[in-house]
Amino acid sequence: MTTQETTAPDAALADGWRDGFPTAGTAVQRPRERPIFQAPENRWAFSHLRELQPTRNVSRGTGPVWVLPRAERPELDTLAFTLPADGSRTDWRSALTTICADGAVVLHRGRIVYERYFGALDERGQHMAMSVTKSVVGTVGAMLAAEGSLDEHAQVRHYIPELAASAFGHATVRQVMDMTTGIDYSEDYTDPDAGVWKHARAGQLLPRPAGYVGAEGYRQFLQTVQGQGTHGEAFAYRTVNTDVLGWLISRVAGQPLARVLGERIWSRLGAEQDAAFAVDGQGAEFAGGGLCTGLRDLARLGEMMRLGGAFNGAQIVPEAVAADIRRGADPARFALAGYTRLAGWSYRNMWWVAHDARRTFTAQGIHGQALHIDPEAEMVVARFASHPLAANAHLPTSMPAFRALAQHLMRG
């Protein structure tokens, strides 16, 4: 049984967004003029992106749905744990409230033990996955590299001559996939002029100011990115790397990224719903964060990765690719990025890898998105959220919550 709870932030949107017309005295706004990343608007917008942006479908195929069995654990709501940052006590349900969760599904040994929805999301809806998208795209790229369609040692310009004059031209495919490119690009979400927001405006995911003269589309923006530092020396989290990888996938496959994802993974998961990719005015997918999915389908993808790429009676992702992701990359290069909350981690094929005793690896996205996989605990957590802050302010609460949940399920 699923639980749906309506919370105050959704009620704050009585301005016509949900109704298809403005309330009296409100100026008409076209979808691409709406500031979807701002609270409280984001609470509704993240669960209704397809009504605000053009998208391309990711087909679930025509096969039957793979039904996830249920073994509900109602006690999880009150599971208490300590926050290391200040020693305070909280519980799982309160942690979801703290990060403004829109939905959470927990699988244990492939069974749904917890499922809740909040605000504007329900079990029939889809939510923007933000940078969880990167891990999905990274997996597809790793599959193409494993089969030889994409040479990870080749320079990007070999496949995309349009990027030859950019910083990406002399980077290798592997450096893009592990985000060790040396580029002049800021991912500072608090800076309205940071590269990450210029990139978003190029794709019209953010409103453009009057007289806008920037790049038209994600791929034109990629051509403007210049170098800073040396490729291959250090990990640096930069969304544009994933858009380069999305372009690489489309180029070598000869078809849109959404279709490649549908054929390679989504249509083989036994998913309940089609997924979707936000696209720019030229039809290029936002590979760095534009995937929209149902929550249970995201959990299915996580369970497939927990099981080494096998799910729904098939080996969907090659076992060697799943194993390579779980092994991770070089923690020393990762450490140079200065993520003190993730000491000892690494980044491989656009997955965050903990290198801990439980072999944890995760996909993470701004505003609280997460796909957390704990193989030792046989646990997968899929979560959507609309935290007011873009940066990963949720980590001090989320990571202790995931660990406490895993320990509880292992004991049970």
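Here, every reference points to the structure presented above.
Residues numbered from 1 in each chain as written. Predicted model: local features only at pLDDT ≥ 70, side-chain atom pairs only at ≥ 80, totals over all residues. Heavy atoms only, no water.

A. Summary view of the nonpolar core. The biggest cluster of nonpolar side chains holds 133 residues, and the ones touching the most others in it are Phe 37, Trp 92, Ile 265, Leu 301 and Met 305. Counting residues per element, this core draws most heavily on helix α14 (residues 395–411), at 8 residues. Excluding its chain neighbours within four sequence positions, the residues that come into contact with Trp 92 are Leu 76, Asp 77, Leu 79, Phe 81, Val 106, Tyr 114, Val 381, Ala 401, Phe 402 and Leu 405. (Core = buried A, V, L, I, M, F, W, Y, C linked by side-chain atoms within 4.5 Å. Buried < 20%, exposed > 50% of the residue type's maximum accessible area, 1.4 Å probe, protein only. Helix = DSSP H or I, 4+ residues; strand = E, 2+ residues; numbered from the N terminus. Contact = heavy atoms within 4.5 Å.)

B. Highlighting the pattern of salt bridges. Summed over all chains, the structure comprises 26 salt bridges. Across the pair Arg 116 and Asp 77 runs a salt bridge, and its minimum N-O distance is 2.9 Å. With Arg 116 in strand β6 (residues 111–118) and Asp 77 in the loop between β2 (55–58) and β3 (80–82), the pair connects residues that are 39 residues apart, well separated along the chain. The same class applies to Arg 116 and to Asp 77, which are both buried. The closest approach of N and O atoms between Glu 162 and Arg 251, which form a salt bridge, is 2.9 Å. One end of the pair, Glu 162, is in the loop between α5 (156–159) and α6 (173–177); the other, Arg 251, is in helix α9 (residues 239–253), and 89 residues separate them in sequence. Here Glu 162 falls in the partly exposed class, since its relative accessible area comes to 36%. With a relative accessible area of 33%, Arg 251 lands in the partly exposed category. Through salt bridges with shared partners, a single ionic network connects Arg 70, Glu 72, Glu 115, Glu 123, Glu 272, Arg 296, Asp 297 and Arg 300. (Salt bridge = Lys/Arg side-chain N within 4 Å of Asp/Glu carboxyl O.)

C. Examining α14 more closely. When the terminal C-alpha atoms of α14 are compared, their 24 Å separation across 17 residues agrees well with the 24 Å that a helix rising 1.5 Å per residue should span. Among the 17 residues of α14, 12 are classified as buried, and the element is accordingly described as predominantly covered. Of all the residues in α14, the buried ones are Leu 395, Thr 397, Ser 398, Met 399, Pro 400, Ala 401, Phe 402, Ala 404, Leu 405, Ala 406, His 408 and Leu 409. (Expected span 1.5 Å × (residues − 1).)

D. Looking closely at the state of the cysteines. For the structure on display, the rule yields 0 disulfides. Considering cysteine sulfurs only, Cys 292 is the nearest to Cys 100, which forms no disulfide, with 19 Å between them. What makes Cys 100 buried here is its relative accessible area of 19%. In this structure Cys 292 comes out as buried when scored by relative accessible area, which is 2%. (Disulfide = S-S within 2.5 Å.)

E. Just the packing of helix α4 (residues 132–147) against helix α10 (residues 257–264), in detail. Close contact between α4 and α10 brings their axes to 11 Å; oriented N to C, the two are set at 75°. In this view, α4 runs roughly perpendicular relative to α10, as classed from their interaxial angle. Residue-level contacts link Val 136, Val 137, Val 140, Met 143, Leu 144 and Glu 147 of α4 to Leu 257, Val 260, Leu 261 and Arg 264 of α10. Split by residue class, the contact of α4 with α10 holds 8 nonpolar, no polar and 2 charged. (Axes fitted to C-alpha atoms, helices over the stretch in contact; angles between N-to-C directions. Parallel < 35°, antiparallel > 145°, perpendicular 65-115°, else oblique. Nonpolar A, V, L, I, M, F, W, Y, C, P; charged D, E, K, R; others polar.)

F. The arrangement of unusual backbone geometry in detail. A cis geometry characterises the amide bond from Ala 39 onward to Pro 40, with omega recorded as 0°. Along the chain, the position of Pro 40 falls in the loop between α1 (8–11) and α2 (41–45). Its identity is not glycine, yet Cys 100 carries a phi of approximately 60°, on the positive side. Inspection of the secondary structure assignment puts Cys 100 in the loop between α3 (92–98) and β5 (101–108). Positive phi is not limited to glycine here, since Met 350 has a value of about 70°. Along the polypeptide, Met 350 turns up in the loop between β12 (346–348) and β13 (351–353). Judged by its relative accessible area of 0%, Met 350 falls in the buried class.

G. The arrangement of the packing of aromatic side chains in detail. In total, this model carries 19 aromatic pairs according to the counting rule given. Here Trp 66 and Phe 311 contribute two aromatic rings whose centre-to-centre distance is 5.6 Å and whose plane-to-plane angle is 55°, an arrangement assigned as tilted. Of the two residues, Trp 66 sits in the loop between β2 and β3 while Phe 311 sits in strand β10 (residues 310–311), which places them 245 residues apart along the sequence. Here the aromatic rings of Phe 334 and Tyr 339 are separated by 5.8 Å at their centres, their planes lie at 35°, and the arrangement is tilted. Phe 334 gets classed as buried once you look at its relative accessible area, which sits at 2%. Residue classification places Tyr 339 among the partly exposed positions, given a relative accessible area of 32%. Taken together, the ring pairs in this structure connect Phe 235, Tyr 237, Phe 334, Tyr 339, Tyr 347 and Trp 352 into an aromatic cluster. (Phe/Tyr/Trp six-rings, centres within 6.5 Å; stacked < 30°, edge-to-face > 60°.)

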